[in-house]
Amino acid sequence: MTDELLDLQRIAEQAVGLGFDIVKNTTPAEIRHKGDRDVVTDVDLTVQNEIHDFLKRMTPEIGFLGEEETAATKLDDDRDVWMLDPVDGTSNFAHGLPLCAVSLALVRSGEPVVAAVVAPFLDLRYVAAKGHGAFGNGVQLQASGATNLAESIVSIGDYAVGDQAEVKNNRRIRLTTLLAERVERVRMFGSAALDLSWVAEGRTDATIILANKPWDTAAGVLLVREAGAIVVDASGSPHGFASAETIAISPGIADSLLSLVNAV
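This one's a predicted model, so the numbers in the text were calculated from it and none came from an experiment.

Some details on the packing of helix α5 (residues 192-201) against helix α6 (residues 214-226)
Turning to step 1, where the next piece is worked out: Look at α5 against α6: their axes get within 8 Å of each other, and the N-to-C directions meet at 0°. When the interaxial angle is binned, α5 and α6 end up roughly parallel. Contacts from A192, A193, L196, S197, V199 and A200 of α5 reach α6 at D216, T217, G220, V221, L223 and V224.
Turning to step 2, where the next piece is worked out: Residues belonging to the contact of α5 with α6 are distributed by class as follows: eight nonpolar, three polar and one charged.

Structure follows, in structure tokens:
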């Protein structure tokens with residue numbers, strides 16, 4: 001089992017490496033709307049196709065679920081599943097902002113066990129295998145030891161778009177206000193993969209994402225756990241794909257931060 005996960009981690013690294021090169025060296029030629037204020041580019045589709053083809057060759061027995069694929073393996077399938085967000089932070093990418101990532105996870109029995117995330121414009125590469133730690137550019141990751149909210153940097157997920165966005169954003173705006181009054185700084189990076197990777201790396205002390213799309217969060221969740229932080233939902237229960245939220249926190253500020261989340 002041990003060698004198998006490390007072998008699969010290497011395959012995941014190679015896969016996101018393909019995406020790294022495509023994203024870094026390709027300017028979007030086509031940007032189209034796939035929903036209310038939600039865009040996809042031709043680069044997203046190219047990255048997904050290239051990585052999917054590579055994974056089919058390397059691991060034909062493993063299923064695949066990509067953000068831009070309509071007919072995909074279901075999460076409740078018994079077999080392992082690769083989960084891919086080809087460009088996490090597409091709006092940033094389409095506008096020339098460097099905060100975007102390629103995020104890939106292997107999910108087994110509903111739990112991420114291998115992760116690979118790359119941020120092409122920042123030259124960052126993150127990997128993890130369950131039980132083997134998380135690494136960024138070859139250095140083992142360790143979540144921050146923060147114990148005081150007033151000295152913590154907390155990132156938040158994007159505001160909602162689409163159906164019931166106004167209702168959903170009422171909660172997000174109230175949470176932003178509470179955080180602004182209590183933490184050192186609030187940040188919105190626009191990429192769940194980077195939100196989670198940076199908690200794992202200790203660049204930030206927590207992230208609160210009031211959503212939970214598996215291709216966005218699966219890889220980052222494993223990175224966070226392997227780096228010694230926790231991932232829960234708003235109630236403090238362990239995070240899973242059925243969770244309504246994805247909240248990654250350095251243990252020393254978990255109770256105080258979750259009390260703010262519950263206040264909204």
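Overview of the packing of aromatic side chains
Turning to step 1, where the next piece is worked out: What the rule picks out here adds up to two aromatic pairs.
Turning to step 2, where the next piece is worked out: On the numbers, 6.2 Å between centres and 25° between planes, the contact of F93 with F121 is stacked. Of this pair, F93 sits in helix α3 (residues 90-94) while F121 sits in the loop between β6 (111-119) and β7 (124-129), and the two are 28 residues apart along the sequence.
Turning to step 3, where the next piece is worked out: Taking 4.9 Å as the distance between ring centres and 85° as the angle between the ring planes, the aromatic pair formed by F189 and W198 counts as edge-to-face. Across this residue pair, the class does not change: F189 and W198 are buried.
Turning to step 4, where the next piece is worked out: Lying over the aromatic face of F20, R125 brings its terminal NZ or CZ to 3.9 Å of the ring centre.

Quick word on the nonpolar core
One broad rule of soluble globular proteins: the nonpolar side chains tend to lie buried together.
Turning to step 1, where the next piece is worked out: Counting residues in hydrophobic clusters, the biggest one holds 35 residues, and the most contacted among them are V117, Y126, L223 and V224.
Turning to step 2, where the next piece is worked out: Of all the secondary-structure elements, those providing two or more residues to this core are β4 (81-88), β5 (101-108), β6, β7, α5 and α6.
Turning to step 3, where the next piece is worked out: Those residues in contact with V117 that sit more than four places away from it in its chain are A101, V102, S103, L124, R125, Y126, A193, S197, A219 and L223.
Turning to step 4, where the next piece is worked out: In terms of nonpolar packing, the next biggest core, distinct from the first, is built from 30 residues, I11, V23, V87 and V118 among them.

Quick word on the sheet that holds β5
Picture the strands of a sheet paired through backbone hydrogen bonds; they go either parallel or antiparallel.
Turning to step 1, where the next piece is worked out: Pairing within the open sheet is mixed, and its seven strands lie in the order β3-β4-β5-β6-β7-β8-β9. In the strand order of this sheet, the two ends are held by β3 (63-66) and β9 (139-140), each with one partner.
Turning to step 2, where the next piece is worked out: Here β6 pairs with β7 via six bridges, running antiparallel. What sits directly across from A116, in β7, is V127.
Turning to step 3, where the next piece is worked out: Taken strand by strand, α5 contacts β4, β5, β6 and β7, and its axis lies near 75° from that of β7.
Turning to step 4, where the next piece is worked out: Those strands touched by α6 are β3, β4, β5, β6, β7 and β8 (134-136), and its axis lies near 100° from that of β6.

With respect to unusual backbone geometry
Turning to step 1, where the next piece is worked out: One non-glycine residue with positive phi stands out, namely N137, at about 50°.
Turning to step 2, where the next piece is worked out: By the element assignment, N137 lies in the loop between β8 and β9.
Turning to step 3, where the next piece is worked out: On the basis of relative accessible area, N137 is assigned to the partly exposed category, the value being 46%.
Turning to step 4, where the next piece is worked out: Phi angles above zero are rare outside glycine, and Q164 is one such case at about 55°.

Parameters and conventions
- Residues numbered from 1 in each chain as written.
- Predicted model: local features only at pLDDT ≥ 70, side-chain atom pairs only at ≥ 80, totals over all residues.
- Heavy atoms only, no water.
- Axes fitted to C-alpha atoms, helices over the stretch in contact; angles between N-to-C directions.
- Helix = DSSP H or I, 4+ residues; strand = E, 2+ residues; numbered from the N terminus.
- Parallel < 35°, antiparallel > 145°, perpendicular 65-115°, else oblique.
- Contact = heavy atoms within 4.5 Å.
- Nonpolar A, V, L, I, M, F, W, Y, C, P; charged D, E, K, R; others polar.
- Phe/Tyr/Trp six-rings, centres within 6.5 Å; stacked < 30°, edge-to-face > 60°.
- Buried < 20%, exposed > 50% of the residue type's maximum accessible area, 1.4 Å probe, protein only.
- Lys NZ or Arg CZ within 6 Å of the ring centre and 35° of its normal.
- Core = buried A, V, L, I, M, F, W, Y, C linked by side-chain atoms within 4.5 Å.
- Pairing = 2+ DSSP bridges.

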